[in-house]
Amino acid sequence: MRIVVPIKQVPETRSVKMDEKTGTVIRDGVESIVNPLDLYSIEAALILKERFGGEIIAISMGPPQAATALKEALAMGIDQAILVSDRAFAGSDTWGTAYVLGEAIKTIGDYDLIICGERATDGDTGQVGPEVAAHLKLPVTTYVNGVNDWTDGALTVTRLVEHGEEKVSMQLPGVLTVVKEVSDPRLPTLDGKIRARETIMPILSFDDLKLDLKLIGLKGSPTRVVKIFRPKVTRECEIHTAEDEAGVALSVERLYNFLQEREVV
Ligand SMILES: Cc1cc2nc3c(=O)[nH]c(=O)nc-3n(C[C@H](O)[C@H](O)[C@H](O)COP(=O)(O)OP(=O)(O)OC[C@H]3O[C@@H](n4cnc5c(N)ncnc54)[C@H](O)[C@@H]3O)c2cc1C
């Protein structure tokens, strides 16, 4: 099974800052890590490789330092890593990102499966996985918490739904987005770290991918962050004190009326 795992480098959660003017994430001078939820997609790919054999290729679109995230994936056991990096990609929204990733994945040749994380902890949209599938015209199964079998070209998985689980069979090639429940990510090994350090990683640029400039970057992105702000949480509080039993009854009645007016009871 040939598996592609798109991973994103994100700011360490406590360091996420936004530029209120442009609506973009400030990445300069901020500690970066592998998107924590992508560790689960890496793990899912490693489990599938252990069961069915094959090869895993990690791919990341980002600035040159995103290579560090790819090295971590290599240290966990991924076979190859590709960095997709060019100034022209800066400012792309999720659709632009998915277009670039989709075109980069096309250069890999035949593959069976693309496994994305559920969402990135910075952008947090959960859109890129399904959008990559849309660009590549592939079926997608989201919120996958277990991969059961791969027979006759179809992958059987379970996915989380509101009140339980759903069993889905998807013809490959296809795309999965996985949730934490899929399996606990393994730690990088010393051998893996040495291999990661020695691996020469190809970097794909705008020119390599022959992309349409109209579909990437701030200008090519169909969505815009118009405004970002911290929501103000205001709470109005009523305090009822009761001196005696009659007061308690009155307080209870007021509370009941209050809840009834708001259709809570
Ligand atoms: C309306 C809007 C406008 C934006 N405008 C800008 C902007 O102007 N400038 C800017 O820098 N950013 C911008 N962003 C953020 C940028 O679009 C996201 O960083 C990027 O598209 C990934 O989206 P996400 O973080 O929501 O990922 P999600 O969709 O939550 O990620 C899901 C999964 O997709 C994969 N994935 C996501 N991103 C990558 C990646 N880069 N490489 C490999 N795999 C990946 C991972 O497997 C990840 O787990 C914008 C986002 C939105 C929603």
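Residues numbered from 1 in each chain as written. Predicted model: local features only at pLDDT ≥ 70, side-chain atom pairs only at ≥ 80, totals over all residues. Heavy atoms only, no water.

For the protein chain, the helix and strand inventory stands at eight helices and 13 strands. The C-alpha atoms of the protein chain give a radius of gyration of 23 Å, which is well past the 18 Å a tight globule of 265 residues would have. Principal axes of the C-alpha set define a box for the protein chain whose edges measure 80 × 45 × 40 Å. Considering the protein chain as a whole, with its 265 residues, one finds that 42% of them fall into the buried category. In the protein chain, the proportion of contacts linking residues at least 24 apart, taken out of those at least 6 apart, comes to 70%. With an accessible surface of roughly 15,700 Å², the protein chain has 53% of that area assigned to carbon and sulfur atoms. Side-chain charges in the protein chain split into 30 positive and 40 negative, and the spacing between the mean points of these groups amounts to 7 Å. (Helix = DSSP H or I, 4+ residues; strand = E, 2+ residues; numbered from the N terminus. Rg over C-alpha atoms; globule rule 2.2 N^0.38 Å. Buried < 20%, exposed > 50% of the residue type's maximum accessible area, 1.4 Å probe, protein only. Contact = heavy atoms within 4.5 Å. Areas by Shrake-Rupley, 256 points an atom, 1.4 Å probe, with all protein chains shown as cover. Lys, Arg positive; Asp, Glu negative; His and termini not counted. Charge placed at Lys NZ, Arg CZ, Asp CG, Glu CD.)

In this section: helix α1 (residues 38-52). Because an α-helix packs 3.6 residues into every turn, residues spaced three or four apart end up facing the same way. Across its 15 residues, α1 extends 21 Å between first and last C-alpha, which sits within 8% of the 21 Å expected from 1.5 Å per residue. Regarding α1, the residues found buried are D38, Y40, S41, I42, E43, A44, A45, L46 and L48. (Expected span 1.5 Å × (residues − 1).)

If you check helix α3 (residues 94-106), its first and last C-alpha atoms are 18 Å apart, about what 13 residues at 1.5 Å a residue would give, namely 18 Å. In terms of burial, α3 is a largely internal element, ten of the 13 residues being buried. Of the residues making up α3, those classed as buried are T94, G96, T97, A98, Y99, V100, L101, G102, A104 and I105. Of the residues flanking the start of α3, the one acting as N-cap is D93, its side-chain oxygen 3.2 Å from the backbone nitrogen of W95. (Polar contact = N/O pair within 3.5 Å; in protein donor to acceptor, adjacent residues only side chain to side chain.)

We now examine the pairing of strand β7 (residues 80-84). Counted residue by residue, β7 has four buried out of five residues, so it is predominantly covered. Relative to β7, strand β6 (residues 55-61) is paired through five bridges, and the arrangement is parallel. Among the inter-strand pairings, M61 is bridged to a residue of β7, identified as V84. With two bridges connecting them, β7 and strand β13 (residues 203-204) associate as parallel partners. (Pairing = 2+ DSSP bridges.)

Residues I3, L113, I115, L155 and L176 are the most contacted members of the largest nonpolar core, which totals 39 residues. Sort the elements by how many residues they give to this core and helix α2 (residues 67-76) lands first, with seven residues. If near-sequence neighbours (up to four positions away) are discounted, I3 is found in contact with A45, L48, E55, I56, I57, L113 and I115. Grouped together as the second largest cluster of nonpolar side chains are 27 residues, I59, A98, C116 and L211 included. (Core = buried A, V, L, I, M, F, W, Y, C linked by side-chain atoms within 4.5 Å.)

In the vicinity of the ligand, 30 residues are found, and the nearest of them are K8, D38, A120, T125 and G126. A distance of 3.3 Å is found between an oxygen atom of the ligand and a backbone nitrogen or oxygen belonging to G123. Contact with the protein chains removes 90% of the 940 Å² of surface that the ligand exposes when unbound. Among the elements of the structure, β6, α3 and β8 (113-117) are those that each provide at least two residues to the shell around the ligand. Residues that form the shell around the ligand fall into these classes: ten nonpolar, 13 polar and seven charged. (Near = heavy atom within 4 Å. Nonpolar A, V, L, I, M, F, W, Y, C, P; charged D, E, K, R; others polar.)

So, about the domain arrangement of the protein chain. One can read the domain layout of the protein chain as domain 1 (2-220) and domain 2 (235-265). Placing a centre on the C-alpha atoms of domain 1 and another on those of domain 2 gives a separation of 52 Å. (Domains from an automatic or database assignment.)

Another point: the pattern of salt bridges. A full pass over the atoms with the stated rule returns eleven salt bridges. Of the charged contacts, one joins K8 and D122 as a salt bridge, the two residues approaching to 2.8 Å between their closest N and O atoms. With K8 in the loop between β1 (2-6) and β2 (9-11) and D122 in the loop between β8 and α4 (128-136), this residue pair connects regions lying 114 residues apart in the sequence. By relative accessible area, which is 27% here, K8 ends up partly exposed. Classification of D122 as buried rests on a relative accessible area of 13%. A salt bridge links R159 to E166; the nearest nitrogen and oxygen atoms lie 3.0 Å apart. For R159, a relative accessible area of 16% puts it in the buried group. What emerges from the salt-bridge pattern is a single network uniting E43, E50 and R186. (Salt bridge = Lys/Arg side-chain N within 4 Å of Asp/Glu carboxyl O.)

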